[in-house]
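Fold and geometry: a report
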Amino acid sequence: MYTDLVMDHFANPRNVGEIEDADGVGQIGNPVCGDVMRMSIKVEDDRIADVKFKTFGCGAAVATSSIVTEMVIGKTLSEAAEISNKAVAEALGGLPANKMHCSNLAADAMHIAIEDYLTRNGRADEVATILKSPKKASS
Amino acid sequence: MYTDLVMDHFANPRNVGEIEDADGVGQIGNPVCGDVMRMSIKVEDDRIADVKFKTFGCGAAVATSSIVTEMVIGKTLSEAAEISNKAVAEALGGLPANKMHCSNLAADAMHIAIEDYLTRNGRADEVATILKSPKKASS
Amino acid sequence: MNYVYFDHAATTGVDPRVFARMEPYFSEFYGNASEIHGPGRKAREAVEWGRAAVAQALGANEKEIVFTSGGTEADNMALIGYAQRFSGGHIITSAVEHPAVMESARFLQRQGWDVTFVPVDQYGAVDVDAYRAAFRDDTRLASVMLANNVVGTLQPVAELARIAHDQGVAFHTDAVQVAGSLPIDVDELGVDMLSISGHKIYAPKGIGALYVRKGTRIGPILHGGGHERRLRSGTENVPGIVGIGAALELAVAEMSATRPRLEQLRDKVVAATLATIDEVQLLGDAVNRLPGNACFSIRYIEGESMLLQLDGKGIAVSSGSACASGSLEPSHVILAMGFGAEEAHGSLRLTLGRENTEAEIDYFLEVFPPIVEHLRKMSPLYVKG
Amino acid sequence: MNYVYFDHAATTGVDPRVFARMEPYFSEFYGNASEIHGPGRKAREAVEWGRAAVAQALGANEKEIVFTSGGTEADNMALIGYAQRFSGGHIITSAVEHPAVMESARFLQRQGWDVTFVPVDQYGAVDVDAYRAAFRDDTRLASVMLANNVVGTLQPVAELARIAHDQGVAFHTDAVQVAGSLPIDVDELGVDMLSISGHKIYAPKGIGALYVRKGTRIGPILHGGGHERRLRSGTENVPGIVGIGAALELAVAEMSATRPRLEQLRDKVVAATLATIDEVQLLGDAVNRLPGNACFSIRYIEGESMLLQLDGKGIAVSSGSACASGSLEPSHVILAMGFGAEEAHGSLRLTLGRENTEAEIDYFLEVFPPIVEHLRKMSPLYVKG
Ligand SMILES: Cc1ncc(COP(=O)(O)O)c(C=O)c1O
Ligand SMILES: Cc1ncc(COP(=O)(O)O)c(C=O)c1O
């Protein structure tokens, strides 16, 4: 059901953990729904210098979280903000249909972390530009 | 589904045929129902001296016809009249439930032959005594 | 079995090549295809392989195949599952359907539906004019079999489907007797649903499939865990599914060789039987029939007696309506063709299959005439005897 | 398969001894049991042998056994087939039934029936008082499973059946998870209908049976040729029937040896898991449960992740409600027991079977704690990490 790449990211997740002095943190999901993802980022020169995730959830939730961290490292905030959940699923070679919704929110968590960074740094006015469609944490 | 005895009587039916100068003939059944049996008898001293049958029908119809001819030969008319369809089925070691009705009428055919004999010989008044429950051909 | 087996319309043995494909899924790769662990994934792969093979053989898409427990369930699902969408209405079917369709229609009748059983001609072909005339404003579904299981007559299903569609009505066909014997393409036929059964095509008993065209909405008739895209609950019969897929694949691959061979054997047995026995009639259409079907009415004698006599010679055939269990009724198919009960009682059906040989046909032709003679001698209806 | 297989509640492999009994009926004795020729009679014999074996194992009469395509169909038949006798009314079932019962009840609900889903306690046992109070004048049927497939809890079915009968109401039990594991006697239980499934007891997928007590009238849900005394149409699955008969016979013969062995293995895995991992809870009743079932809720981590990690180590287990196909919902059983969705998402089910060894349990106990640790380290919900 899962592609080899999904299974690889699930079995060997990249960038697991929490950045102690993170510049931005984004969390999405709800244990009741079965998936919670938290991204913490370090930002330097408007680029994502470091990122770590923690995820409670199924194989897809872990793999999407893991791959999103790989996809955003070194990217500008705008570039990172452009990565959609759909792009994440595609990067993994696809996800089972029933995993496309709740378990594929890692990009959203990343966007929330970027929004958090911008807000913390008094750049709330840029949120709308950088995050073309800003996401709110669902809980 | 059929007992060995049924199959034996079906495969090697006893007394097949028609007595040319029969003393009595009984026929029962209907080709529409799938079973027709005809018994012809020779009577001597109120005993069944000879009997032959012809049957159109399934294995059970042939076997019941065959065994009834064996059962009645040498019997008095009253004794022959006492043999019921049920007794015939029992003598064969039983019949499948769905064969108990239409295909198990050989004894009835025999009773009709006896009735025919009695009537031909001006003994119609004895029919009720000898055949406790006289059967009519169903067609 | 040391039998000459001429009853392939009733059931077939699992082809050893099919069995070899199924076998690993009983005791080795026995996972439940709903599970996501290794054994489950292995089972899922097998199920989807079977689905693709069935789809391929029917010219369908994989998503249009629903596995069932057999032809009966597929037919029930087509009629009753489809009817569930509506609160009631009218269904058109034929007078010569298999009981699986007929009794599903009767069940709906008891639920308040109207059903028209379209008559057939003396060869068993549906009366197309009567069929066309049967459509009403509230007709929801038409179901006519692709070929008849008793007399082997093929129905003009492509035309019947077109007529139904012209009226905006969905069309189902029972292809249980045709799958594996003749080419089937759901698009050429234009049907919306099509039933097949494993054990008629050298796959095992207990597996079947319903083709459901994309866009044709039906409801489940077995409720539960939501398997088969919620259309048919129940743990998937993995070896059965592999079996029906492998069997269809094989049948299609070999059809161009098997079909003319069976037709030739069938034509031989028909011609020789008509030539050597008098007062015998071929039932069904002489040309437009299933490759392996030879069905006769033999006057003055009864089917079961012939069958048992042949059985005594080691030949397995069937009489009349063989698909009903323990039924003594004369075949409704033969009656619907306008024959009398007597003729229906005297029917004998030979259905040939891939392992049959010409020597077996010759053996039948040798032993059958004396059997007819013997039974006619015993028959009170046979006057010449 | 090179797997440590702990998912016997999902399905079992066909026992090689069972397979040996079935095998001749695929390609050698492949007759249709409705046919009266030799191959047909051979098949009929096999079917009736299987029926007698199933009846014997359940303390029933042969005439009370109807073969189906599996547990799902048996459950559907019990509920929907029974309900057909009535124009409507009320049905009582439990909140922890398998979807095959649950969804059959919901189907009847959509047809206008009233259904009460009786609640359970924290161990998954039906609330007997609530059950008793649920009966109404128009209650037609009660259906409560003999043991739960997720948490393994046994229900007091004999008592529940007695209560139903006191109200003049028929009682069905889904014994799919119990057959072959614990003794079943339909008279001691006093049930009117009882469902079993082949593939849970080392027989193949695609076969099941419904016990229907003499005098309990139900209607068919599959219509057609009138097989199985008109209760279930469709050509009989001969090898499947032989398989389920042989499997039950074997399970009963070996039960006194298998049962304590599984209970001991289960108790070991439960005790060791609770001892070595913190914030773990055993789900279901500690004592009153199926011999092979160990079901846990492991906090802060999610079931599928555990399952896939174990899969990576070659261990097949299941999470939550494994019988539904591709479901992501937290198990309705665990929720009904009063747990939160989070705890339900963190459930893991091991179901042991006859081929499992103590070494396999030891292997699980070795690899599982590091998996829990790894996943908890990754979990945003785990604060101690
Ligand atoms: C035309 C036709 N439809 C349906 C069926 C039923 O199929 P199954 O026996 O697989 O239930 C049969 C055979 O019995 C058949 O010949
Ligand atoms: C308790 C219970 N009932 C019914 C079923 C359904 O049985 P089957 O998979 O044979 O349809 C299952 C298993 O899936 C089960 O565990």
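Residues numbered from 1 in each chain as written. Chains lettered and ligands numbered in written order. Predicted model: local features only at pLDDT ≥ 70, side-chain atom pairs only at ≥ 80, totals over all residues. Heavy atoms only, no water.

Attention shifts here to the overall build of chain C. Counting secondary structure elements, chain C contains 13 helices and 12 strands. Taken over C-alpha atoms, the radius of gyration comes to 21 Å for chain C, in line with the 21 Å a tight globule of 385 residues would show. Principal-axis analysis of the C-alpha atoms gives chain C an extent of 70 × 55 × 35 Å. Residues classed as buried in chain C amount to 67% of the 385 residues present. If you take every contact in chain C between residues at least 6 apart in sequence, the share linking residues at least 24 apart comes to 73%. Accessible surface, chain C as shown: approximately 12,600 Å² in total, 48% of it carbon and sulfur. In chain C, which carries 34 positive and 47 negative side-chain charges, the distance between the mean positions of the two groups comes to 4 Å. (Helix = DSSP H or I, 4+ residues; strand = E, 2+ residues; numbered from the N terminus. Rg over C-alpha atoms; globule rule 2.2 N^0.38 Å. Buried < 20%, exposed > 50% of the residue type's maximum accessible area, 1.4 Å probe, protein only. Contact = heavy atoms within 4.5 Å. Areas by Shrake-Rupley, 256 points an atom, 1.4 Å probe, with all protein chains shown as cover. Lys, Arg positive; Asp, Glu negative; His and termini not counted. Charge placed at Lys NZ, Arg CZ, Asp CG, Glu CD.)

The next subject is the relation of the copies chain D and chain C. Placing chain D over chain C gives an RMSD of 0.0 Å and needs a rotation angle of 180 degrees, together with 0.0 Å of translation along the axis. Expressed as a symmetry operation, the mapping of one chain copy onto the other fits a two-fold axis. Looking at chain D, 99% of its interface residues are interface residues in chain C too, so the copies touch through the same face. (Least-squares fit on C-alpha atoms with pLDDT ≥ 70 in both.)

What follows deals with helix H1 (residues 4–11) of chain B. The complete set of buried residues in H1(B) reads Val6(B), His9(B) and Phe10(B). Buried residues in H1(B), looked at end-on, bunch into an arc of 100 degrees, giving them a common side. On its buried face, H1(B) sits against helix H2 (59–72) of chain B together with helix H10 (303–312) of chain C. (Arc of directions from axis to C-beta.)

All names here are of chain D. On the basis of which strands lie adjacent, the open sheet formed by 3 strands has the order S9-S10-S12 and antiparallel pairing. Looking at the sheet topology across the chains shown, the edges are occupied by strand S9 (280–282) and strand S12 (347–351). Averaged over all neighbouring strand pairs, the angle between strand axes comes to 25 degrees, with direction disregarded. Across 5 bridges, the pairing between strand S10 (residues 293–298) and S12 is antiparallel. Across the sheet, residue Phe296 finds its bridge partner in S12, namely Leu348. Seen against the sheet, helix H13 (residues 358–378) touches S9, S10 and S12 and runs at an angle of roughly 20 degrees to S10. (Pairing = 2+ DSSP bridges. Axes fitted to C-alpha atoms, helices over the stretch in contact; angles between N-to-C directions.)

Around ligand 1, a shell composed of 16 residues is seen, among which Thr72(C), Asp174(C), Ser197(C), Lys200(C) and Thr235(D) lie nearest. Chain contributions to the surroundings of ligand 1 come from chains C and D. Here an oxygen atom of ligand 1 sits 2.8 Å away from a polar atom, N or O, in the main chain of Gly71(C). Between ligand 1 and Thr72(C) there is a distance of 2.5 Å, counted from an oxygen atom to a side-chain nitrogen or oxygen. Starting from 380 Å² of accessible surface for ligand 1 in isolation, the protein chains cover 97%. Counting residues per element, the shell around ligand 1 draws most heavily on helix H4 (residues 71–83) of chain C, which supplies 3 residues. (Near = heavy atom within 4 Å. Polar contact = N/O pair within 3.5 Å; in protein donor to acceptor, adjacent residues only side chain to side chain.)

Here the focus is the sheet that holds strand S1 (residues 24–30) of chain B. Residues and elements named next belong to chain B. Taken together, the 3 strands give an open sheet; going across it, the order is S1-S2-S3, and neighbouring strands pair in antiparallel fashion. The open sheet has two edge strands, S1 and strand S3 (47–56), and neither has a second partner. When the angles between neighbouring strand axes are averaged without regard to direction, this sheet yields 15 degrees. Taken together, the 9 bridges between strand S2 (residues 35–44) and S3 define a ladder with antiparallel strand orientation. Looking across to S3, one finds that Val36 is bridged to Phe56. Taken strand by strand, helix H5 (residues 106–120) contacts S1, S2 and S3, and its axis lies near 140 degrees from that of S1.

Residue and element names in this part refer to chain C. Pairing of strand S3 (residues 90–94) with strand S4 (residues 114–118), which is carried by 5 bridges, proceeds in the parallel orientation. Considered in S4, the bridge of Ile91 is made with Val115. In this fold, S3 hands off to helix H5 (residues 99–110), which returns the chain to S4; that crossover is right-handed. (Right-handed = clockwise from strand over helix to strand, strands pointing away.)

The next point concerns the domain arrangement of chain C. Residues and elements named next belong to chain C. Per the domain assignment, the segments of chain C are domain 1 (4–11 + 255–377) and domain 2 (16–250). A C-alpha centroid distance of 27 Å is found between domain 1 and domain 2. Taken together, the contact between domain 1 and domain 2 spans 29 residues of the former and 31 residues of the latter. Interface area for domain 1 against domain 2, summed over the two sides, is near 2,500 Å², with a carbon-plus-sulfur share of 59%. When the buried surface of domain 1 facing domain 2 is broken down by residue, Met255, Leu290 and Arg354 rank first, second and third, together holding 26% of it. Applying the counting criterion to the domain 1 and domain 2 interface returns 0 salt bridges. Counting across the domain 1 and domain 2 interface gives 13 residue pairs in polar contact (both at pLDDT 80 or more). If you list the elements that add at least two residues to the side of domain 1 that touches domain 2, you get helix H9 (238–276), strand S10 (293–298) and helix H11 (332–336). Per element, the largest residue contribution to the side of domain 1 that touches domain 2 is 4 residues, and it comes from H11. Here the residues of the side of domain 1 that touches domain 2 sort into 13 nonpolar, 10 polar and 6 charged. (Domains from an automatic or database assignment. Buried area = accessible area lost by both parts, 1.4 Å probe. Salt bridge = Lys/Arg side-chain N within 4 Å of Asp/Glu carboxyl O. Nonpolar A, V, L, I, M, F, W, Y, C, P; charged D, E, K, R; others polar.)

Further remarks concern H10(C). Of all 10 residues making up H10(C), 9 are buried, and the element is well covered by its neighbours. At the exit of H10(C) stands Gly314(C), carrying a positive phi of roughly 80 degrees.

In this section: the site of ligand 2. Around ligand 2 sit 16 residues, and of these Thr235(C), Thr72(D), Asp174(D), Ser197(D) and Lys200(D) come closest. With respect to ligand 2, the chains having nearby residues are chains C and D. Within the side chain of Ser197(D), a nitrogen or oxygen atom sits 2.6 Å from an oxygen atom of ligand 2. His199(D) is positioned with one of its side-chain polar atoms (N or O) 2.9 Å from an oxygen atom of ligand 2. For ligand 2, the accessible surface in isolation is 390 Å², of which the surrounding protein chains cover 97%. Ranked by residue count, the leading element in the shell around ligand 2 is helix H4 (residues 71–83) of chain D, at 3 residues. Split into classes, the residues belonging to the shell around ligand 2 amount to 3 nonpolar, 10 polar and 3 charged.

Our focus in this paragraph is the arrangement of the chains. Between chains C and D lies the most contact-rich interface of the 5 pairs of chains that touch. Kept free of each other, chain A and chain B leave a smallest C-alpha distance of 50 Å between them.

Right, let's talk about the pattern of salt bridges for a bit. Close approach of charged atoms lets side chains of opposite charge pair. The full count for this structure, using the stated rule, is 66 salt bridges over all chains. The partner of Lys99(A) in a salt bridge is Glu304(D), and the shortest N-O contact between them spans 2.4 Å. Linking Lys99(A) in the loop between helix H4 (85–91) and helix H5 (106–120) with Glu304(D) in helix H10 (residues 303–312), this pair reaches from one chain into another. A single burial state applies to Lys99(A) and to Glu304(D), both of which are buried. Between Glu228(D) and Arg51(D) there is a salt bridge, and its shortest N-O distance comes to 2.8 Å. One end of the pair, Glu228(D), is in the loop between strand S8 (208–212) and helix H9 (238–276); the other, Arg51(D), is in helix H3 (residues 38–58), and 177 residues separate them in sequence. Note on accessibility: Glu228(D) and Arg51(D) belong to one class, buried. Connected through shared salt-bridge partners, Arg44(C), Glu48(C), Arg51(C), Glu228(C) and Glu236(C) make up one network.

Turning our attention to the packing of aromatic side chains. Taken as a whole and assessed by the stated rule, the structure comprises 20 aromatic pairs over all chains. Centroid distance Tyr25(C) to Phe29(C): 6.0 Å. Interplanar angle 50 degrees. Geometry classified as tilted. The same class applies to Tyr25(C) as to Phe29(C), namely buried. Between the aromatic rings of Phe26(C) and Phe19(D), the centroid separation amounts to 5.1 Å while the plane-to-plane angle is 40 degrees, which identifies the pairing as tilted. Of this pair, Phe26(C) sits in helix H2 (residues 24–27) while Phe19(D) is found in helix H1 (residues 16–22), placing the two residues in two different chains. Pair check on accessibility: Phe26(C) and Phe19(D) agree, each one buried. (Phe/Tyr/Trp six-rings, centres within 6.5 Å; stacked < 30°, edge-to-face > 60°.)

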